[in-house]
Amino acid sequence: MKFKTLMLITFVVIAMSSPVPIIANTVGRFGEVAQSCVPTELLPCLPPITMGGDPSKQCCDKLVEQKPCLCGYIQNPAYSMYVTSPNARKVLDFCKVPFPSC
């Protein structure tokens, strides 16, 4: 339990202290601009990513919502270890979100 708490605190501190906000600049088929990428919205996914297990529906919904942001998270050293971990790939598979090819 202590490790899980420490990982959560670490993720929040890194997310909140990131000097450069991560913003998606993708445009959908009908010209709508994707929402901003906010890493802290993926906090429901942190326990299954760090400790394993099945993600919640809320986690999957947020992953689908932030799918355009995943490449930005992979390229950011503060977040890449979370997005590219073996457990993160399992969470993406469970939520039916393909791993991005950046």
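Rules behind the numbers
- Every chain begins its residue count from 1, and numbering advances along the sequence as written.
- Thresholds applied to this predicted model are a pLDDT of at least 70 for local features of residues and 80 or more for the giving and counting of side-chain atom pairs; totals over whole chains, interfaces and linings are not thresholded and use all residues.
- Excluded from the side-chain calculations are hydrogens and water; all other atoms, namely the structure's heavy atoms, are used.
- Helical segments are the DSSP runs of H or I of at least four residues, strand segments are the runs of E of at least two, and each set is numbered from the N terminus.
- Any N or O atom pair separated by 3.5 Å or less is treated as a polar contact, with the protein-specific requirement of one donor-capable and one acceptor-capable atom, and with residues adjacent in sequence counted only for side-chain atom pairs.
- Partly exposed describes any residue whose relative accessible area lies between the buried limit of under 20% and the exposed limit of over 50%, with all areas from a 1.4 Å probe on protein chains only and scaled to the type maximum.
- Note that the arc is computed from the directions linking the helix axis to the C-beta atoms.
- By salt bridge we mean one thing: a side-chain nitrogen of Lys or Arg within 4 Å of a carboxyl oxygen of Asp or Glu.

Asker: An account of the side chain of Ser-85 is requested, with residue identities and associated values reported.
Answerer: Among the secondary structure elements, Ser-85 is positioned in the loop between helix H5 (80-83) and helix H6 (86-94). Of the polar contacts made by the side chain of Ser-85, one reaches the backbone oxygen of Tyr-82; its length is 3.4 Å.

Asker: Which residues make up H6, and what values go with them?
Answerer: All of the buried residues in H6 are Ala-88, Val-91 and Leu-92. Projected down its long axis, H6 carries its buried residues within an arc of 100°, all on one side. Away from the buried face of H6 by more than 90 degrees, exposed residues Pro-86, Lys-90 and Asp-93 are located. One or two positions beyond H6, positive phi appears at Lys-96, with a value near 60°.

Asker: Give a description of the pattern of salt bridges that names residues and reports values.
Answerer: Per the counting criterion, the structure on display carries three salt bridges. Between Glu-41 and Lys-62 there is a salt bridge, and its shortest N-O distance comes to 3.4 Å. With Glu-41 in the loop between helix H1 (2-17) and helix H2 (46-51) and Lys-62 in helix H3 (residues 57-65), the pair connects residues that are 21 residues apart, well separated along the chain. We note a salt bridge from Lys-57 to Asp-61, for which the minimum N-O separation is 2.9 Å. Of the two residues, Lys-57 and Asp-61 both sit in helix H3, four residues apart, roughly one turn of that helix. Exposure remark for Lys-57: the relative accessible area of 62% places this residue in the exposed category. According to the relative accessible area criterion, Asp-61 is partly exposed, its value standing at 39%. One salt-bridge network, held together by shared partners, links Glu-41, Lys-62 and Glu-65.

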